[in-house]
Every structure is written in C-alpha cells, then in structure tokens.
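Tertiary structure, described
Residue strings, one per chain:
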Amino acid sequence: MHSMVGYAPAVFDLFHVGHLDLLRRAEAGCDRLVAGVYTDELAESLLGYRPVVPLIERMEIVGDVRHVAEVVVVAEPGLRAAWESIGFGRVFTGCPDGVAAEAAERELAGTGVRVVAFEGLAETGSAILRNALAGERPAQDRRTSVA
C-alpha cells in the first residue's frame, strides 16, 4: 500500500503556535509529514530578512514536533526540486492570501500533487513576534495581560 507523503515548507523562525497549528493540520492530511526548513539565505532572499533563530536550531525544533516524520533543508526557492527529491503527494501552506497556493499549483501542474492552503491558523505569527522583539505592539492586541 502506498502512503501519502505531505510536505510543509516554511522558515519556522521563532517557532510559535501558528507553526504548530500548520504542522498539526498537515499531519492530519497525510500519512507521513516532511517539513522543509528554509536556509537563512533563502529566507532572506524571499522575505527580506534573516531569521532570528539559526537554521540548525530551527531544524531541531521542527524535528522534535511529534507531527513531523522528517525534516529537510530547503536551500532553493520553488517546489519542483523538493517534489522530485521527496515525492510528496500534498503540499501544505498557511499563507492566508492564496498567492502562495496559486503559485504552487502552477509550479506543480501535471505532477498530481494536491496543494492544501489552510485558513484560520492560530493567530500568533512570526511577524507579531518580530515586531514585539523590536519593541512594537500590534495595533489591536487581543490577548489579555496577566499582571
């Protein structure tokens, strides 16, 4: 019997509950989940900033999440090379704008890979954490404070 391999590529910087939510949902949509962790250089070229947490530490964190069967380094943009190497049947994204999912569908056309874009992931995200580290507070902070 052939198992369905899923693939969830991301930077996974400042690991937070949004990442955990993505990996939990992705694991539920496949038999074996492979997480791809972007190199510092790739993250900087795609997003315009270097991750706070070094690659090796991000890989260790993601690898210790029970939903993840394997962790791989992502050193080049795009999904085609990863698909050829891993052979995944589903790719998972948590990008809310839908652009990433559409680009993935175009790139993987003809492969039979199903692109799954999750909406409504847990609110805490890397941008919120980076802003907090910079001393900025979100315009509307819905969390309650405990004094």
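One structure accompanies this document, and this report is about it. (Residues numbered from 1 in each chain as written. Predicted model: local features only at pLDDT ≥ 70, side-chain atom pairs only at ≥ 80, totals over all residues. Heavy atoms only, no water.)

**A closer look at the sheet that holds strand β5 (residues 114-117)**
Spatial strand order, β3-β2-β1-β4-β5: five strands in an open sheet with parallel pairing. Both outer strands of the open sheet, β3 (70-74) and β5, are each paired with one neighbouring strand and no more. Taken pair by pair, the neighbouring strands of this sheet meet at an average axis angle of 25°, ignoring direction. When strand β4 (residues 90-93) meets β5, the two strands line up parallel, connected through four bridges. Paired with arginine 90 across the two strands is arginine 114, which belongs to β5. (Pairing = 2+ DSSP bridges. Helix = DSSP H or I, 4+ residues; strand = E, 2+ residues; numbered from the N terminus. Axes fitted to C-alpha atoms, helices over the stretch in contact; angles between N-to-C directions.)

**Notes on unusual backbone geometry**
Unlike most non-glycine residues, phenylalanine 12 shows phi in positive territory, near 60°. One can find phenylalanine 12 in the loop between β1 (5-10) and α1 (17-28). With relative accessibility at 2%, the residue phenylalanine 12 sits in the buried group. Located in the positive-phi region is leucine 14, a residue other than glycine, with phi close to 50°. Examined against the element boundaries, leucine 14 turns out to sit in the loop between β1 and α1. Among the residues examined, leucine 14 registers a relative accessible area of 15% and is labelled buried. (Buried < 20%, exposed > 50% of the residue type's maximum accessible area, 1.4 Å probe, protein only.)

**Describing the packing of aromatic side chains**
Two aromatic rings are characterised by how far apart their centres lie and by the angle between their planes. Scanning all chains against the criterion turns up three aromatic pairs. Ring plane angle 25° and centroid distance 6.5 Å describe the contact between phenylalanine 12 and phenylalanine 15, whose orientation is recorded as stacked. On the basis of an interplanar angle of 0° and a centroid distance of 5.7 Å, the ring pair of phenylalanine 92 and phenylalanine 118 is categorised as stacked. Within this pair, whereas phenylalanine 92 is found in strand β4, its partner phenylalanine 118 is found in the loop between β5 and α6 (126-133), the two being separated by 26 residues in sequence. Residue phenylalanine 92 is classed as buried on the basis of its relative accessible area of 2%. We classify phenylalanine 118 as buried; its relative accessible area is 12%. (Phe/Tyr/Trp six-rings, centres within 6.5 Å; stacked < 30°, edge-to-face > 60°.)

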